[in-house]
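Here's the letter readout for the chains.
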Amino acid sequence: MGTSVPAKVCGLAALPALFASAAFGYTIAQAERGKASYQMSCSECHNSDLNGTAKAPALHGDAFLKTWENGSTYALFVKLRDSMPAGHPASMTEEEKVDVLAFLLQVNGIPAGQSELKSDRNELENIQIAPKGQQAVPNFAVVRLVGCLTPGSGKSWTLTRTTEPEVAHEDTPTPAALKDAAERMLGAGAFGLLGAVAFKPESHAGQKMEARGLLYRDSVRNLLNLTSLETTGVACGN
Ligand code: HEC
C-alpha cells in the first residue's frame, strides 16, 4: 500500500482475518423479569403482544426497528428512563426499566449473552440495534470507531478493542467528539485500517484513537477505509 487512501475496500484479500464480537448482552432470566414488568406497566398501552394499541405504537417489527436501528441501545434506554410508562415514568426503578429493555432486545432478535444488562452508558452504547439477521450498519457507510492503534505485520495497522461502529455524519471529528472518544470504554472489536500510512500512525501506536471511514465487513474481516484517524491523547492501558 502506498500513502494514498484507497478508493475501494473490496478485493484487498491480503488483509488479516479479523473478527468482532459483542462483549455485552442481557441474560434470558433478565428478559423474563422484564417481560413480567412489561405486562404490568406497559402492555395497557403497547399491548401484551407488543403490537401496539390505539394509544401507543408497537415495540417490535419494521416500524419500531426503523426508528431505532443504527443507533445504540442507550438511546432506547433514555426513552424508557425519561418518559415511560407515559405519564408516570417515576413509577418504575431504573433496574426494572433495564430489565424491560432486555425483554425488548430479546423480542427484537438481539441474542442473549452471558451477563446482565446494566444501566451503564458505555455498555449500552456498545449494543447496536439491528433488524433480525442484518448487520447494524451497512457496508460502505461512513462510521466512527474508538479503539487502540496497534501495528500489524508489514506496514499494516489495526484498531483493536474497538467500540461497535456507529454511523458518522462527518468525515472528521469535532473537538466534542474527540473528548467523547477519550472517555469511551473500549470494546472487543478489531478492524484492519486501510490508508493508515497517510495519517502517520507510528507516532500514535498504543493510543486510544478516534477513527472514521468507510466500513467493510464480511465473514472473515472487518475493515475501515480511513477518512480520519486522530488520537484522543489517551494511552490504551490494559
Ligand atoms: C399510558 C400509556 C403508555 C404506557 C403505560 C407506556 N407507554 Fe410507551 N409510549 C406511549 C405513547 C403514547 C408513545 C408514543 C409517543 C412517544 O414516543 O412518547 C410511547 C412510545 C414508546 C416508545 C418509543 C416507540 C417508538 O418507536 O418511538 C417506547 C420504546 C416505549 N413507549 C416503551 C414503553 C415501555 C417499555 C413501557 C413500560 C415500561 C411503556 N412504554 C409504557 C404510551 C405508553
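Quick caveat, the model's predicted, so the values are computed rather than measured.

Glancing now at the site of the ligand. The local shell around the ligand holds 21 residues, among which Cys42, Cys45, Ala56, Pro85 and Ala86 are the closest. At the level of secondary structure, the elements contributing two or more residues to the shell around the ligand comprise helix 2 (43-46), helix 3 (62-68) and helix 4 (73-83). Of the residues assigned to the shell around the ligand, the class counts are 13 nonpolar, five polar and three charged.

What follows deals with the packing of helix 4 against helix 5 (residues 94-107). Packing of helix 4 against helix 5 leaves a shortest axis separation of 10 Å and a crossing angle of 130 degrees. Taken together, the axis directions place helix 4 and helix 5 in an arrangement best described as oblique. Seen along the crossing, helix 4 lies across helix 5 with a hand that is right-handed. Contact with helix 4, carried on its side by Thr73, Leu76, Phe77, Leu80 and Arg81, involves Glu94, Lys97, Val100, Leu101 and Leu105 of helix 5 and no other residues of that element.

Once that is clear, we can look at the environment of leucine 186. Its location among the elements puts leucine 186 in the loop between helix 7 (175-183) and strand 4 (189-194). On the neighbour-count criterion, leucine 186 (18 C-beta atoms within 10 Å) is partly exposed. Separated by 22 residues in the primary sequence, leucine 186 and lysine 208 have C-alpha atoms spaced 8.6 Å apart. In contact with leucine 186, not counting residues within four places along its chain, are Gly147, Cys148, Arg161 and Cys236.

So, on to the pairing of strand 2 (residues 157-162). Side-chain positions along a regular strand alternate between the two faces of the sheet. In terms of strand pairing, strand 1 (residues 142-151) meets strand 2 through four bridges, oriented antiparallel. Counted as the bridge partner of threonine 150 is threonine 158 from strand 2. The antiparallel pairing of strand 1 with strand 2 creates a hairpin that spans five residues between the two strands, and glycine 154 there sits at a positive phi of about 60 degrees. Direction of pairing for strand 2 relative to strand 4: antiparallel, over a ladder of five bridges. Paired with threonine 160 across the strands is alanine 190, a residue of strand 4.

Caution is warranted with low-pLDDT regions, since their predicted coordinates should not be read in detail. Of all residues in the chain, 86% have pLDDT values of 70 or greater, and the mean over the chain is 84. Taken element by element, the chain is modelled with least confidence in helix 3, mean pLDDT 82, and with most confidence in helix 2, mean pLDDT 98. pLDDT under 50 marks residues 1-23. Its contacts with residues more than four places away, or in other chains, come to 40 contacts.

Attention now goes to the pairing of strand 1. Most of strand 1 sits out of view: seven of its ten residues are buried. Here seven bridges tie strand 1 to strand 5 (residues 207-217), and the two strands are oriented antiparallel to one another. Of the residues in strand 5, the one forming a bridge with valine 146 is glutamate 210. Of the strand pairs in this sheet, strand 1 and strand 3 (residues 166-167) are connected by two bridges, and their pairing is antiparallel. Within the sheet, the bridge partner assigned to valine 143 lies in strand 3 and is valine 167.

How each quantity is defined
Residues numbered from 1 in each chain as written. Predicted model: local features only at pLDDT ≥ 70, side-chain atom pairs only at ≥ 80, totals over all residues. Near = placed C-beta within 6 Å. Helix = DSSP H or I, 4+ residues; strand = E, 2+ residues; numbered from the N terminus. Nonpolar A, V, L, I, M, F, W, Y, C, P; charged D, E, K, R; others polar. Axes fitted to C-alpha atoms, helices over the stretch in contact; angles between N-to-C directions. Parallel < 35°, antiparallel > 145°, perpendicular 65-115°, else oblique. Left-handed = near helix turned anticlockwise from the far one by under 90°. Contact = placed C-beta atoms within 7 Å. Buried ≥ 20, exposed ≤ 12 C-beta atoms within 10 Å, placed from the backbone. Pairing = 2+ DSSP bridges. pLDDT = per-residue confidence, 0-100.

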